[in-house]
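# A closer look at the structure
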Amino acid sequence: MAAITLQNLAHSYNPDSGADADYALKEVNHVWEDGKAYALLGPSGCGKTTLLNIISGLLTPTRGQVLFDGQDVTEASTADRNIAQVFQFPVVYDTMTVGENLAFPLRNRGMDKALISERVQRIAEMTGLEADLHKRARGLTTDLKQKISLGRGMVREDVNAILFDEPLTVIDPHLKWELRTQLKSLHQEFGHTMIYVTHDQTEALTFAEKVVVMKDGLVLQIGTPQELFERPAHAFVGYFIGSPGMNFLPVTVEGNSARLKDAAVTLTDDYGTPDGDLRLGIRPEFVRLTRQADGLPVTINHVQDAGRHKFVNATLFDSEINIAVDEGSQIGPDMTRVILDPEKISIFRDDWRLDGR
Ligand code: ATP
């Protein structure tokens, strides 16, 4: 296992153009801790695979360095980096049995036969392949083949890191949850440094100890799922994490007061932003629909039932907001006000564009 340091990392697939927009990765500077499970999350095209390929050695960055435990591996081949990789599509040896496929990375390193067998058995149990160990890989379903790839990625204990590039894309949706749980328990048991690329926030939030949120070639925030939910460092993180994402309201901030039209909300935190026209962010879960006279006035547009919550879409002054109401709570016709939980308010500088809005 290794800590991975990324220093001034940037990559352009067309470096001679010189234009900033051509950089698929722009200035990434981070230390990823030894033994932690990270998810790399972001919309399509934000640079996740580019970053993963630079860490694995499939791609040499245009600028910057990759260090494993302080040692510069930027120019080292993938083989010399001592990593395991699992891709979106299965990579298996068709002529070998499932067991031989799982054992392959261990045999390759000359491991003792009894230890190999023990280890293969353990991995087969965790990936649900015990009953298939003697079957030839050729002719197996894609689900089973991808389980073999996952197992092979996890079978070695002595790798610096295990890198996963959207490994559950081809897996039946019913099996995804189960396999993710298995990956998580393998991580708890063996403590590998793991990096897991996905654009699916459920996958990222349920798998990882730390989530790395990317947009337009930049890392916007690295945090625990709870930090990203409660304290998004950037408005895009608030928007991208959560379903529906954060609500945003234009406000004028003066000291600890955020003015929305002719109402004001008291801010309890110091957000480190200058006074002026800013954007207040609040999650639907932290907006309370009420009949209390001191709430802010809303007009309800429609209600969506989403099982555990109902999501009420409403207009607050000129902005649309979503409000999460617990299942079982009644929405009375006189509930035309909302209270924003002051502890859960974020303030952002209004200098960015939300995708798709
Ligand atoms: P996805 O989730 O769709 O896989 P991603 O976040 O992994 O996307 P990348 O595949 O790293 O993003 O792509 C980042 C940017 O680099 C995109 O604009 C993409 O079009 C561009 N890109 C990726 N690979 C190449 C390549 N081989 N040549 C030129 N441009 C590329």
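Residues numbered from 1 in each chain as written. Predicted model: local features only at pLDDT ≥ 70, side-chain atom pairs only at ≥ 80, totals over all residues.

## Thoughts on the sheet that holds strand β10 (residues 218-223)
Taken in spatial order, the 6 strands line up as β6-β7-β8-β3-β9-β10 in an open sheet, and their pairing is mixed. The sheet is open, and its two borders are formed by β6 (83-86) and β10, each paired with just one other strand. Looking at each pair of strands side by side, their axes are set apart by 15 degrees on average, direction ignored. Of the pairings in the sheet, the one linking strand β7 (residues 161-165) to strand β8 (residues 194-198) comprises 4 bridges and is parallel in character. Opposite F164, over in β8, you have Y196 as the bridge partner. Helix-sheet contacts for helix α4 (residues 142-154) involve β6 and β7, and the interaxial angle to β6 is about 165 degrees. (Pairing = 2+ DSSP bridges. Helix = DSSP H or I, 4+ residues; strand = E, 2+ residues; numbered from the N terminus. Axes fitted to C-alpha atoms, helices over the stretch in contact; angles between N-to-C directions. Contact = placed C-beta atoms within 7 Å.)

## Focus on the domain arrangement of the protein
Entries for the protein in the domain assignment read domain 1 (4-235) and domain 2 (243-349). On a C-alpha basis, the centroid separation for the pair domain 1 and domain 2 is 38 Å. (Domains from an automatic or database assignment.)

## Points about the pairing of strand β16 (residues 296-306)
In terms of strand pairing, β16 meets strand β19 (residues 337-340) through 2 bridges, oriented antiparallel. Across the sheet, L296 pairs through a bridge with V338, a residue of β19. Pairing of β16 with strand β17 (residues 309-316) involves 8 bridges; the strand directions are antiparallel. Note that in β17 the partner of Q304 across the bridge is F311. Linking β16 back to β17 in an antiparallel pair, the connection comprises 2 residues, with G307 at a positive phi of about 85 degrees.

## Details of α4
Think of an α-helix as turning once every 3.6 residues; residues three or four places apart then point the same way. The end-to-end C-alpha distance of α4 is 18 Å, a good match for the 18 Å that 13 residues give at a rise of 1.5 Å each. Most of α4 sits out of view: 10 of its 13 residues are buried. Of the positions making up α4, those classed as buried are K145, Q146, K147, I148, S149, L150, G151, R152, G153 and M154. Each element contacted by the buried residues of α4 is listed here: β6, α2 (98-107), α3 (113-127), β7 and α5 (173-190). (Expected span 1.5 Å × (residues − 1). Buried ≥ 20, exposed ≤ 12 C-beta atoms within 10 Å, placed from the backbone.)

## Points about the environment of E100
With respect to the secondary-structure elements, E100 resides in helix α2. Sequence separation of E100 and E209 is 109 residues, and the distance between their C-alpha atoms is 32 Å.

## A closer look at the site of the ligand
Taken together, Y13, A24, G42, S44, G45, C46, G47, K48, T49, T50 and H199 are the residues near the ligand. Considering every element that reaches the shell around the ligand, the biggest residue donor is helix α1 (residues 48-56), with 3 residues. Across the shell around the ligand, the residue classes break down as 3 nonpolar, 7 polar and 1 charged. (Near = placed C-beta within 6 Å. Nonpolar A, V, L, I, M, F, W, Y, C, P; charged D, E, K, R; others polar.)

## Remarks on the sheet that holds strand β11 (residues 247-254)
What the 5 strands build is an open sheet, ordered β13-β12-β11-β14-β20; its pairing is antiparallel. Both edges of this open sheet fall to β13 (263-266) and β20 (346-349), since each of them pairs with a single strand only. Each strand of the sheet is rotated relative to its neighbour by a mean of 45 degrees, with strand direction disregarded. One ladder, built from 4 bridges, connects strand β12 (residues 257-260) with β13; its direction is antiparallel. Counterpart to A258 in the pairing with β13 is V265.

## Quick look at unusual backbone geometry
Cis geometry is adopted by the peptide bond preceding P244, which originates at S243 and carries an omega value of -5 degrees. Residue N8 is not a glycine yet carries a positive backbone phi of 45 degrees. At K261, a position not held by glycine, the phi torsion is positive, near 50 degrees. With respect to the helices, strands and loops of the structure, K261 is situated in the loop between β12 and β13.

## Section: the confidence of the model for the protein
Reading predicted coordinates in detail is not appropriate for stretches of low pLDDT. Across the protein, the average pLDDT comes to 91, with 97% of residues at or above 70. Overall fold confidence for the complex sits at a pTM of 0.90, while the interface term, ipTM, reaches 0.98. (pLDDT = per-residue confidence, 0-100.)

## Details of the environment of N256
With respect to the helices and strands, the residue N256 is situated in the loop between β11 and β12. Residue N256 is classed as partly exposed on the basis of its 13 C-beta neighbours within 10 Å. Once the C-alpha coordinates of N256 and G272 are considered, the two residues, 16 residues apart in sequence, prove to be 11 Å apart.

## Side note on the environment of I171
For I171, the location among the structural elements is in the loop between β7 and α5. In this structure I171 comes out as partly exposed when scored by C-beta crowding, with 18 C-beta atoms within 10 Å. With residues up to four places along the chain from it excluded, the contact list for I171 reads D143, Q146, K176 and L179.

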